[in-house]
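# Examination of the molecular architecture
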Amino acid sequence: MNSTINVGTGAFKSETVEQLSMNAMLADVQWQAVLARDAASDGKFVFAVSSTGVYCRPSCPSKRPRRENANFFETPQHAEAAGFRACLRCRPKSVSGNRRQELVKSVCRYIEQHLDEAVTLTHLGKEFRQSPFHLQRTFKAVLGITPKEYANSCRMRGFRQKLKAGQSVTRAMHESGYSSTSRLYSRTAAELGMEPGKYRRGAIAAPIRYACADSPLGRVLVAATDKGVCSIQFAESDEELEQGLKQEFPFAMRRRDDEGLSKLVQNLMRHMNGLEPATALPLDIQATAFQRRVWSYLQSVGFGETRSYSEVAKAIRQPSAVRAVARACATNPVAVAIPCHRVLRSNGDLGGYRWGTGRKKALLEMETRISTSSSRG
Ligand SMILES: [Zn+2]
């Protein structure tokens, strides 16, 4: 996965978190195998010791290196390419890698990209043409944990990262793919070793500037980091907007800057009036892989058009993920710029809207009016 993808000109931060977590996870698991001199791990990777320049198979009887001197490589060839030589004692080259590891890697990648869904073993089995039992056993043999445990630890890492970025606990949980906040609060607390709120308090977040202005839907707040717009919200009053921003980024340095952000606000207004595509707004938002797919697709839905939740699910090639699509719409951090208001129920009902169905209705009516009058004229 690349670190940034462009949707129009609005850049999303991509799944670097999950990628890093996958590597860190794997290294942790491998280190445990080395400590345990786990012969079952022979052939799955080798570890190299930077202080001696030698690489070994996991079960090598030699003295264990310090953690910071251990490096992990998929194959002896990789270790040698990095300048290490084979240990004479355990002869790591006589064990070759195997296909199971490739399978498990693909499964990991799949799980990472579907963190906000409950991916079952049956589901994975179908996806990878394996019996669920066999898949679980292989996965566990290679990584030492089940696919479900792997998904959980990816979520936990994403969650930590988002807390560190200064997001609220509720939102960080939601966006890390946790489905039921209250049920999981205590468990995440246990895994973090402390209350999520306390964990987050240790974090330093990027400064955020914001502006409040009038819009056809009441007061609007546009907030941005140095990289782009991170929040667009509607409310009745500026107090309400500022309160909302505080909840969303409680530990960011928030500074009001109406003048500095006037261009962004004007862009947004021009977009709401059908004069400019939303892609004129640079975005700096965190997204899970799934949210990214949904949100990117939504940006392709034109002014004055609508889709149903199930059409969106089909369009991103996950026809059964209708509820997850609705959730991705409900967690859109940038109103209008990502036009989640253009998604309706299949029967034509409005469906929900983070900023109130009244505003959704007004927005859609406005867009219909503008696009019909411009196509006539
Ligand atoms: Zn050795």
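Before any of the text, the structure's been laid out above.
First, a word on scope: everything that follows refers to the structure included in this document. (Residues numbered from 1 in each chain as written. Predicted model: local features only at pLDDT ≥ 70, side-chain atom pairs only at ≥ 80, totals over all residues. Heavy atoms only, no water.)

When its secondary structure is counted, the protein shows 15 helices and twelve strands. Here the protein holds 377 residues, and 52% of them are scored as buried. Put simply, the protein shows about 18,200 Å² of open surface, and 51% of that area lies on carbon and sulfur atoms. (Helix = DSSP H or I, 4+ residues; strand = E, 2+ residues; numbered from the N terminus. Buried < 20%, exposed > 50% of the residue type's maximum accessible area, 1.4 Å probe, protein only. Areas by Shrake-Rupley, 256 points an atom, 1.4 Å probe, with all protein chains shown as cover.)

A few words now on the coordination of the zinc ion. Bound to the zinc ion on the protein side are Cys56 (SG), Cys60 (SG), Cys87 (SG) and Cys90 (SG), at distances that span 2.2 to 2.5 Å. What the four donor atoms of the zinc ion show is an angle range of 103 to 127° at the metal, which sorts the shape as tetrahedral. Counting along the primary sequence, the residues that act as donors to the zinc ion give the motif C-x3-C-x26-C-x2-C. Here Cys60 is found in the loop between β4 (54–56) and β5 (70–73), whereas its partner Cys90 is found in the loop between β6 (85–86) and α3 (99–113), with 30 residues between them in sequence. One exposure class covers both Cys60 and Cys90, and it is buried. (Donors = N, O, S within 2.8 Å, 3.2 Å for Na, K, Ca; no water. Tetrahedral: all angles 85-135°; square planar, octahedral: opposite > 155°, others 65-115°.)

The strand order across the open sheet built from four strands is β5-β3-β4-β6, with neighbouring strands paired in mixed fashion. Here the strands that pair on one side only, and so sit at the sheet edges, are β5 and β6. Here strand β3 (residues 46–49) runs beside β5; their pairing, made up of four bridges, is antiparallel. Paired with Ala48 across the bridge in β5 is Asn71. (Pairing = 2+ DSSP bridges.)

This part covers unusual backbone geometry. In this structure, Arg317 takes a positive phi of about 60° despite not being glycine. Counting through the fold element by element, Arg317 comes out in the loop between α13 (309–315) and α14 (322–330). What makes Arg317 exposed here is its relative accessible area of 74%. If you check the backbone angles, Val336 has positive phi at about 70° while not being a glycine. Within the element layout of this structure, Val336 appears in the loop between α14 and β12 (343–344). By relative accessible area, which is 1% here, Val336 ends up buried.

Restricting attention to buried positions, one finds in helix α11 (residues 262–272) the residues Leu264, Val265, Asn267, Leu268, Met269, His271 and Met272. Count one or two residues on from α11 and you reach Gly274, which has phi positive near 75°.

What follows deals with the packing of aromatic side chains. For any pair of aromatic rings, the description rests on two quantities: the centre-to-centre distance and the angle between the ring planes. Considering all chains together, one arrives at five aromatic pairs under this definition. Both rings, one in Tyr110 and one in Phe128, keep their centres 5.8 Å apart while their planes meet at 85°; by these two values the pair is edge-to-face. One end of the pair, Tyr110, is in helix α3; the other, Phe128, is in helix α4 (residues 121–128), with 18 residues separating them in the sequence. (Phe/Tyr/Trp six-rings, centres within 6.5 Å; stacked < 30°, edge-to-face > 60°.)

Fair warning: the whole summary comes from geometry, so function is off the table for now.
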